[in-house]
Amino acid sequence: MGDLFLVRHGETEWSRSGRHTGTTDVPLTEHGRDEARRLVPLIRAQRIGAAFVSPAQRARETAELIGLHEVQVDAGLREWDYGGYEGITTAEIQRTRPDWFLFADGVAPGPPDRPGETPEQVGERADRVLAQVDAAHTDAGQGVVLVAHGHFLRVLTARRLGLPASAGALFQLATGTLCRLGTEHGRPVIAAWNVRPGP
């Protein structure tokens, strides 16, 4: 099990305003593109053996801007399917469900093309991605990069650490940042989180 590098895509208009962005293919803002470009030296400093990216344009453009050119598009890395909460902010949801919390409660059902996912379903998808990542580790000295989305990567981190999907709530993840999941004494650990280059 080598190092796993997680990159959350750069800012979009919807991420800036807090709207849940699952299936809607929102592009990066100029600020989001700048966030991605600033990660280039951090990525170049690593030995990367494989890279996987979500099919969403915001993730694919981020991967390109950070210098990853040989990437595999993996639908398993897509963001949480927010169902009926697509495009809605937490504050708007809590007007009718004051105690609503994504990682515990999941989402309201949506139309057939976006029915919504429970935290457990997102966790199962993350487990499948992690199995694929482990299979891609051919050289112990090389890492794997995943370029994807905030809520999904938080769940994936929880599952890598052996925690339930709901524990993704513990790992706040900003746009345009790099995280590293490594090992200590053979056990998964967070080695770096929400890293951005200095000014």
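Anything mentioned here points back to the structure above.
Residues numbered from 1 in each chain as written. Predicted model: local features only at pLDDT ≥ 70, side-chain atom pairs only at ≥ 80, totals over all residues. Heavy atoms only, no water.

**Section: unusual backbone geometry**
Rules: Strands are runs of DSSP state E lasting at least two residues, helices are runs of H or I lasting at least four, and both sets are numbered from the N terminus onward. For each residue, the accessible area found with a 1.4 Å probe, counting protein chains only, is set against the maximum for its type, and the residue is called buried under 20%, exposed over 50%, and partly exposed in between.
Here the phi dihedral of histidine 185 falls at roughly 55 degrees; this positive angle occurs in a residue that is not glycine. With respect to the element layout, histidine 185 can be found in the loop between β5 (178-184) and β6 (187-195). In this structure, asparagine 194 takes a positive phi of about 55 degrees despite not being glycine. For asparagine 194, a relative accessible area of 26% corresponds to the partly exposed category.

**Description of the nonpolar core**
Across soluble globular proteins, nonpolar side chains have a tendency to be buried as a group. This is how the line gets drawn: Take the buried residues of types Ala, Val, Leu, Ile, Met, Phe, Trp, Tyr and Cys, join any two whose side-chain atoms come within 4.5 Å, and each joined set is a nonpolar core. The contact definition used throughout considers only heavy atoms, calling two residues in contact when any of these lie within 4.5 Å.
Among the nonpolar cores identified, the biggest contains 29 residues, and Leu4, Leu6, Trp80, Leu146, Phe152 and Leu156 are the most heavily contacted of them. Sorting the residues of this core by element identifies β1 (4-8), β2 (48-53), α6 (102-105), α7 (119-136), β4 (143-148), α8 (150-160) and β5 as the ones contributing at least two each. The residues touching leucine 6, leaving out its near neighbours within four places in the chain, are Leu146, Leu153, Leu156, Thr157, Thr177, Leu178, Cys179, Leu181 and Trp193. Core analysis: the next-biggest nonpolar cluster, separate from the first, contains 14 residues, Leu39, Ala63, Val145 and Leu178 among them.

**Side note on helix α2 (residues 30-37)**
Rules: The arc refers to the directions leading from the helix axis to the C-beta atoms.
Those residues of α2 that fall on the buried side of the exposure criterion are Gly32, Arg33, Glu35 and Ala36. What you see down the axis of α2 is that its buried residues fit within an arc of 155 degrees, all on one side. Structurally, α2 contributes buried residues whose contacts are with α3 (40-44) and α4 (57-65).

**Side note on the sheet that holds β6**
Note the following rule: In this scheme, strands are said to pair when DSSP sees at least two bridges between them. Working convention: axes come from line fits to C-alpha atoms, limited for helices to the stretch in contact. Angles between N-to-C directions cover 0 to 180 degrees.
Spatial ordering of the open sheet is given by β3-β2-β4-β1-β5-β6, a layout of six strands whose pairing is mixed. The open sheet has two edge strands, β3 (72-73) and β6, and neither has a second partner. The pairing of β1 with β4 spans five bridges and is classified as parallel. For phenylalanine 5, the partnering residue across the bridge sits in β4 and is valine 145. Where α4 meets the sheet, its contacts fall on β1, β2, β3 and β4, and the angle it forms with β4 comes to roughly 135 degrees. Sitting on the sheet, α7 is in contact with β1, β2 and β4, with an inclination near 145 degrees to β4.

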